[in-house]
Every structure is written in C-alpha cells, then in structure tokens.
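Listed below, chain by chain, are the residues.
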Amino acid sequence: MGNLGQIFTFPVIMIAYIDPGTGSLLLQLLLGGIASGWVILKLFGKRIMARFGSSKKDDNPKQ
Amino acid sequence: MTENSQIPSTTIIEPGSFRDRHGRIIYSQGSVYRGISEQAFQNWDTLDSSIFFHKAIQQGKIVQTEKIEINKLTDRSIGNGWAAVLKHQTIPFISYPYEWSYGMLKDAALLQLELLESAVAEDMTMKDATTFNIQWIGTQPIFIDIASFEKLLLGTPWTGYRQFCEMFLYPLMLQAYKDIPFHPWLRGSIDGINPEEFNKLISLRDFFKRGIFIDVYLQSKLQAKYAQANRQVKDEIRTSGFRKEMITANIRRLKKIISNIQWKRIKSEWANYATDNSYTDSDSERKAAFVREVVQTKPFNLVWDLGSNTGRFSRIAAEKAKYVIAMDSDHLAVERLYQELKKEGNQNILPMVMNLADSSPNLGWRGLERKSLIKRGRPDLTLCLALIHHMVISANIPVSEFVDWLASLGSDLIIEFVTKEDPMVIFLLRNKEDQYTDYELDYFERSLMTKFKIRKREALASGTRYLYHAEINSSPD
C-alpha cells in the first residue's frame, strides 16, 4: 500500500537535501540502457494503446 | 559558551546558508568559515584525501580550503554545534547567475561538469548542482561549496542531474535556442526553470536540437509520470545495476551539448558592434587620462564601473585598483568584455549584467539567500561615465535621485555629465517629450555639491561633456 501523496525520496540509497526527482533518476537508467522495458511502456503505453484504438483507461492504478 | 569578551562583534552566521543542514557558513574577522556536521566531516576526510580535490584547488577551480583546529580560532564559538570547522578562501565580490553573461553561465556549467567527472573517477559525487555554488575571481569561475562533495554510493545515479538541468542547462538553452535572455527567469525563480515548464516552450522545430529530446522532453515526461512514485520504482532503481561509468557518459554528453550550443547573437552582432559614444578622439583620450589620474591618487579596493560598455575604463581602474566590477545592462557588451578578459586570464575585473534602474534585489527566504547589490560590498570608487543621460532620459530617474543614490554608495566618484546638445542625448530625446527640466549642467552640479565635494572639473573639447572627480562629504547632510 503505497502512499500516493508522498514525495518520493531516497533515504537509504542517496543522501541529498534536494529532491533528485524520480523521473530524472529513471532517465539516467534509461540512458544507461538498463531501465527495463516496462518503464518505457508505462510512459508511452497510453499513447501506443490509443493509437491502436484501445479503450482502456488506466490513469492511477490502485496500490 | 565562551565569555563575552572572547566573541568578536564581527562573528556572523550567514543567514542565507541554511538549506543543507550539514553545514553553515560563518563570517568572523574578515574570514569565511564553514561549520560541518559529523556526516559532512566524514565526507570532508574523503575529499581531503582525494587527488582531484587538491589538483582543482591548485588550478584555482575550487576555493582554497583547510580544516582549522577549533581551539586555534580567535572566536571559538564558531565551532559550537559542529564536528569540525573549515576555513575558505574569500571571494572578492559575490555575484549570481542572473547577473552573468551567457558565456559566464556556460563556463560555470562546464566547471560543474568537469569537477563532477573528476570526483566520480575517485568514487565521489556532488550531491547538488546549483549555480550558487560557483563564484568568480575576475573571469575565473571557482567552486565554493565543499559540502557538495560526498562519497558516491556505487550503483546510484547522479542526484544533481535534475538541478543541473534546471539551473544551468535550460537557461543556456533558452538563450541559445530561443534568444531569450535567461536573467529575468533566474531572478524570478532562484531555483531555476523546471523540466515541465521548459518543455512547453519547445516546438517541433526544436525537437532535433542538441539535448532537447533527452534532457527536456524525456525528462519532463518522466518527471510528470513519476512525480508520485511508489515502492516498485524505488526498487527498480536500487537493483538496476547502474554503474558510475554511466554517470561519466552522461556528463560527457552534457558537456558536448553545452560546448556546442551558442548564443547566436554573438556571431551576428559582434561584427557590427557599435560603441555608444559620440566622442572626438581628443575627448576620448582626455577621459582616459582623467580616470587614470584619479585612480593613481590612492589604493582603491573595490571600483564599480557603472555602464562599463567596452570595459575601457574598468581596465584603466584595474591597473591600480584591487578589484573592479564592470556593470552594464547590455548583455552583449558584458559578454564581449568577458570573452576578451577571459582570453587574457584576467582575475581582477568581474563583468556583470546589471540594470541600475532595477538592480538585483534581496531574494529567497526572508530575502536573505541572495543579497541585493549594495549589500555585497560597497565600492570605494565609482565610475559613472556616459551613463547619466541613460538613467535620467531613458530610465526617467530624476537627477537628484540619481545623485542621491550615488551618494549612498559612500565612495569617491568620477562622473560625466552629457549635455542636451550632445548627439547621443538628442538621439535619446527623439521620440520623447522633453520633460527633463532637471537635466541641466547647473542643476546637476548643485545636486552633486549637496552630497559631494568636487575635487576636479573638466570640460571636454567637444563642449557637450563635463567630467568630475568628487569625494563624498564626510559629514552627513
């Protein structure tokens, strides 16, 4: 059960007083070629689905 | 607590240095200290034993820093609450990114990346990437925030990447790709431009330009998507197998972008660059001689050259004075001066973009984090050459107001009055109603004499320009 309202931080793996930004961290993984396919799918999935005429709406998946 | 007699009245904690709880800047007796926490102290130990750190200090890229024994401090209260105290080299005059020319922001960005790359090679990282960590010694950018360096936790991406884009990359792109000066944006938002907002400025035509697809488009989309991420993503990152070589690759990619994008206006307008003057040659020489004579009279510590333009008089002042701030509202003029001085390796003239009719205010939390211009250090000599007509006629500042402001600087003054017969003034008045009844030589002189003692007065050969050397009245009016 995640807490959707919570700003994401990295208390364990990173020490910083600024918010590194989850998206920015993921982008670095992407650039490193190691983010798994589902990250990209999740990002562009809706558009790809829309293109193929899918009527699925998947805005905020329940935790 | 130490006894009162041991605390010099000049010990002040920097009120604007609070964001990072692991350290605090403290001023005492003209020196700059940094109190650091236990955790920051451990990072300091690692930093101090690294090679890149000392090499960078030697090259003047990081401020000279040393650990000070607390019991050797004159004011030991500096160490209260801290695990250790560091002492830093002082910066002659603080400046902020919304006062830098394009080339200055670019070189600051390259310095940030260069230091990060050398840190990563020795398993350290920089936890943030803010323009406020970089200052200047003349035209040499220098990194001041030692506490930014910490041990790199292997397997983690760079935490400062987003901030780097917001504070360095996007402002540069704004000016390079859109020819929109970044200064109002950075002054309006001291934390920079965020990815989602910047992405909104991007059109199809920009899409294939360097850095746009990855650092703007993808970053903004991923940021928006994962703004409220959950545990799944966190685990994804932790177990991703990220390697530090990927940070290095990303740094090199960013370096390439920043090195290659350019502010187009530099190329097109330099060729046609016209200086704002209507001098006869003898006027010009006399003016230079006048300034030189005054500058030789005493050792000036800090000179403000207001409306510095080509920097000619800044250079003359810098022959003798310790440090000169060359301010002009014309970005191109400041950029040009910066590039010339940089080529010469100049370290005692600091070019700054500044509109004196609307100079930098106090910003940030309680107006403490970024200081207004005057708070950063009063000049002991002010040059105000070929400027007053712009202030009064273009910016509509009354003559007495302007003189009053000059008096508030509390320094010696070299000022040039340009009469209404001068071609430049005629040009400024061409589309305006001449409401400037106060803009007359007599009135100007009388205003000047209410606050200053006129030491020297010279009418230039052209007959439309008058030079004054004035000293501030020691007794308040």
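Cut-off values and rules
Per chain, the residues get numbers from 1 upward, laid out in the order the sequence is written. Just so you know, chain letters begin at A and ligand numbers begin at 1, following the order they were written in. Reporting in this predicted model follows two pLDDT cut-offs: at least 70 for local features of residues, and 80 or more for side-chain atom pairs to be given and counted; totals over whole chains, interfaces and linings ignore these cut-offs and use all residues. Hydrogen atoms and water are omitted, and side-chain values are computed over all heavy atoms in the structure. A helix here means a DSSP run of H or I that spans at least four residues, while a strand means a run of E at least two residues long, and both kinds are numbered starting from the N terminus. Only C-alpha atoms enter the radius of gyration; for comparison, a globular chain is expected to reach 2.2 Å times N to the power 0.38, where N is the number of residues. Partly exposed residues are those whose accessible area sits between 20% and 50% of the maximum for their type, while under 20% is buried and over 50% is exposed, using a 1.4 Å probe and protein chains only. Contacts between residues were defined by any pair of non-hydrogen atoms, one from each residue, lying within 4.5 Å. Reported accessibility uses the Shrake-Rupley method at a 1.4 Å probe radius. Residues are deemed covered only where the shown protein chains occlude them. Charged-residue counts in this description rest on Lys and Arg as positive and Asp and Glu as negative, His and the chain ends being excluded. Where a charge lies is defined by one atom per residue type, namely NZ (Lys), CZ (Arg), CG (Asp) and CD (Glu). pLDDT is defined as a per-residue confidence score from the predictor, taking values between 0 and 100. We call a set of buried Ala, Val, Leu, Ile, Met, Phe, Trp, Tyr and Cys residues a nonpolar core when their side-chain atoms join them within 4.5 Å. Two strands are counted as paired when DSSP detects at least two bridges linking them. Here is the rule: rings of Phe, Tyr and Trp (six-membered ring for Trp) pair when centre to centre is within 6.5 Å. Planes less than 30 degrees apart are stacked, more than 60 are edge-to-face, and the remainder are tilted. With its strands directed away from the observer, a crossover is right-handed exactly when the path from the first strand over the helix to the second travels clockwise. Helix axes are fitted to C-alpha atoms over the stretch in contact, other axes to C-alpha atoms as well, and angles between N-to-C directions run from 0 to 180 degrees. For classification purposes, an angle smaller than 35 degrees is called roughly parallel, one larger than 145 roughly antiparallel, one from 65 to 115 roughly perpendicular, and anything else oblique. In this scheme, a crossing is called left-handed if the near helix is turned counterclockwise away from the far one by less than a right angle; it is called right-handed if the turn is clockwise. Each residue gets one label: Ala, Val, Leu, Ile, Met, Phe, Trp, Tyr, Cys and Pro are nonpolar, Asp, Glu, Lys and Arg are charged, and the others, such as Gly, are polar. Only protein atoms enter the calculation, which uses a 1 Å grid: trapped sets of points that fit a 1.4 Å probe without letting it out are cavities, open sets showing protein on both sides within 12 Å along at least five of seven lines are pockets, and any residue with an atom within 4 Å of a point is a lining residue. Grid points are joined across faces, edges and corners, and a volume is the space filled by probe spheres set on the points.

## A word on the overall build of chain B
Here is step 1 of the chain: Looking only at helices and strands, chain B has 17 helices and 16 strands in total.
Here is step 2 of the chain: For a compact globule of 477 residues, the expected C-alpha radius of gyration is about 23 Å, and chain B comes in at 25 Å, within 12% of that figure.
Here is step 3 of the chain: Considered along the principal axes of its C-alpha atoms, chain B spans approximately 75 × 65 × 40 Å.
Here is step 4 of the chain: By the burial criterion, 55% of the 477 residues in chain B qualify as buried.
Here is step 5 of the chain: When contacts within chain B are restricted to residue pairs at least 6 apart in sequence, those whose partners lie at least 24 apart make up 72%.
Here is step 6 of the chain: For chain B, the exposed surface amounts to about 20,900 Å²; the carbon and sulfur share of it is 50%.
Here is step 7 of the chain: Here chain B carries 61 positive and 59 negative side-chain charges, and the mean point of each set is 5 Å from the other.

## Notes on the overall build of chain A
Here is step 1 of the chain: The number of helices and strands found in chain A is two helices and zero strands.
Here is step 2 of the chain: Here chain A holds 63 residues, and the buried ones make up 30% of them.
Here is step 3 of the chain: Carbon and sulfur atoms provide 57% of the accessible area of chain A, an area that totals close to 4,200 Å².

## Describing the environment of Gly-35 of chain B
Residue and element names in this part refer to chain B.
Here is step 1 of the chain: Summarising the element assignment, Gly-35 is placed in strand 3 (residues 31–36).
Here is step 2 of the chain: Along the primary structure Gly-35 and Phe-452 are separated by 417 residues, whereas in three dimensions their C-alpha atoms are 43 Å apart.
Here is step 3 of the chain: For Gly-35, the contacting residues outside a window of four places in its chain are His-22, Gly-23, Arg-24, Ile-26, Trp-82 and Ala-84.

## Looking at the confidence of the model for chain B
All names here are of chain B.
Here is step 1 of the chain: Of all residues in chain B, 93% have pLDDT values of 70 or greater, and the mean over the chain is 91.
Here is step 2 of the chain: Contacts from residues 1–9, a stretch scored under 50 in pLDDT, to residues over four places away or in other chains number eleven contacts.
Here is step 3 of the chain: Reported for the predicted complex are a pTM of 0.90 and an ipTM of 0.85.

## Remarks on the nonpolar core
Residue and element names in this part refer to chain B.
Here is step 1 of the chain: Ranked by internal contacts, the top residues of the largest apolar core, which has 125 residues, are Phe-164, Met-173 and Tyr-439.
Here is step 2 of the chain: With near-sequence residues (within four places) excluded, Phe-164 lies in contact with Ala-109, Gln-112, Leu-113, Ala-129, Trp-158, Leu-169, Leu-254 and Ile-258.
Here is step 3 of the chain: Counting 23 residues, the second largest nonpolar core, distinct from the first, contains Phe-290, Val-303, Ala-318 and Val-324.

## Digging into the sheet that holds strand 1 (residues 12–13) of chain B
All names here are of chain B.
Here is step 1 of the chain: Sheet architecture is open: five strands sit in the order 1-2-3-5-4, paired in antiparallel fashion. This sheet does not close on itself; its edge strands, each paired only once, are strand 1 and strand 4 (65–68).
Here is step 2 of the chain: Alignment of strand 2 (residues 23–28) against strand 3, held across six bridges, turns out to be antiparallel. Of the residues in strand 3, the one forming a bridge with Ser-28 is Ser-31.

## Quick notes on unusual backbone geometry
All names here are of chain B.
Here is step 1 of the chain: The backbone phi angle of Asp-123 is positive, close to 60 degrees, even though this residue is not glycine.
Here is step 2 of the chain: Looking at the element boundaries, Asp-123 is found in the loop between helix 3 (102–121) and strand 6 (124–126).
Here is step 3 of the chain: In this structure, Arg-366 takes a positive phi of about 50 degrees despite not being glycine.
Here is step 4 of the chain: Taking relative accessible area as the criterion, Arg-366 reaches 68% and is therefore assigned exposed.

## Concerning the side chain of Gln-163 of chain B
Here is step 1 of the chain: Within the secondary structure, Gln-163 of chain B sits in helix 4 (residues 161–178).
Here is step 2 of the chain: Owing to a relative accessible area of 11%, Gln-163 of chain B belongs among the buried residues under this scheme.
Here is step 3 of the chain: Not counting chain neighbours up to four residues away, the residues in contact with Gln-163 of chain B comprise Ile-18 of chain A together with Asp-128, Ala-129, Thr-130 and Phe-168 of chain B.

## Section: the packing of aromatic side chains
Residues and elements named next belong to chain B.
Here is step 1 of the chain: Enumeration over the complete set of coordinates arrives at 20 aromatic pairs over all chains.
Here is step 2 of the chain: Their ring planes at 55 degrees and their centres at 5.6 Å tell us that Phe-52 and Phe-149 sit as a pair that is tilted. Taken together, the positions of Phe-52 in helix 2 (residues 51–58) and Phe-149 in strand 9 (residues 149–151) put the pair 97 residues apart, joining distant regions of the chain.
Here is step 3 of the chain: Look at Phe-52 and you get buried, because its relative accessible area is 6%.
Here is step 4 of the chain: For the pair Tyr-170 and Phe-198, a centre-to-centre distance of 4.9 Å together with 15 degrees between the ring planes defines the contact as stacked.

## Points about the confidence of the model for chain A
Residues and elements named next belong to chain A.
Here is step 1 of the chain: Mean pLDDT for chain A: 61, with 29% of residues reaching 70 or above.
Here is step 2 of the chain: Note that residues 1–13 has pLDDT below 50 and, in this model, 21 contacts with residues that lie over four places away or in other chains.
Here is step 3 of the chain: pLDDT under 50 marks residues 54–63. Its contacts with residues more than four places away, or in other chains, come to six contacts.

## Considerations on the pairing of strand 12 (residues 349–353) of chain B
Residues and elements named next belong to chain B.
Here is step 1 of the chain: Within strand 12, five of the five residues are buried, leaving the element largely enclosed by the surrounding structure.
Here is step 2 of the chain: The alternating pattern of strand 12 places Ile-349, Pro-351 and Val-353 on one face and Leu-350 and Met-352 on the opposite face, and all of these are buried.
Here is step 3 of the chain: As a crossover connection, the stretch from strand 11 (residues 323–328) through helix 13 (residues 331–344) into strand 12 is right-handed.

## Digging into the packing of helix 4 of chain B against helix 7 (residues 212–225) of chain B
Residues and elements named next belong to chain B.
Here is step 1 of the chain: Contact pair helix 4 / helix 7: the axes reach a minimum separation of 11 Å and the direction vectors enclose 130 degrees. As the angle between them shows, helix 4 and helix 7 are arranged oblique. As helix 4 packs across helix 7, the resulting crossing turns out to be left-handed. Residues Tyr-161, Arg-162, Cys-165, Leu-169, Tyr-170, Met-173 and Tyr-177 of helix 4 pack against Ile-212, Ile-214, Asp-215, Val-216, Gln-219 and Gln-223 of helix 7.
Here is step 2 of the chain: Here the residues of the contact of helix 4 with helix 7 are counted per class, giving nine nonpolar, two polar and two charged.

## Concerning the sheet that holds strand 16 (residues 465–472) of chain B
Whether parallel or antiparallel, the strands of a sheet pair through hydrogen bonds between backbone atoms.
All names here are of chain B.
Here is step 1 of the chain: Spatially, 12-11-10-13-14-16-15 is the arrangement adopted by the seven strands of the open sheet, whose pairing is mixed. Each edge of the open sheet carries a strand with a single partner, namely strand 12 and strand 15 (452–459). Adjacent strand axes in the sheet meet at a mean angle of 15 degrees, parallel and antiparallel pairs treated alike.
Here is step 2 of the chain: As defined by bridge partners, strand 11 adjoins strand 12 across five bridges and the pair is classed as parallel. Counterpart to Asp-328 in the pairing with strand 12 is Val-353.
Here is step 3 of the chain: In the packing of helix 13 onto the sheet, contacts are made with strand 11 and strand 12, and the angle to strand 12 comes to roughly 160 degrees.

## Quick look at empty space enclosed by the protein
Residues and elements named next belong to chain B.
Here is step 1 of the chain: The full count for this structure, using the stated rule, is two cavities of 30 Å³ or more.
Here is step 2 of the chain: Arg-34, Ile-36, Ala-40, Asn-43, Trp-44, Leu-47, Leu-86, Ile-146, Ala-147 and Phe-149 together form the lining of the second largest cavity.
Here is step 3 of the chain: Of the residues assigned to the lining of the second largest cavity, the class counts are eight nonpolar, one polar and one charged.

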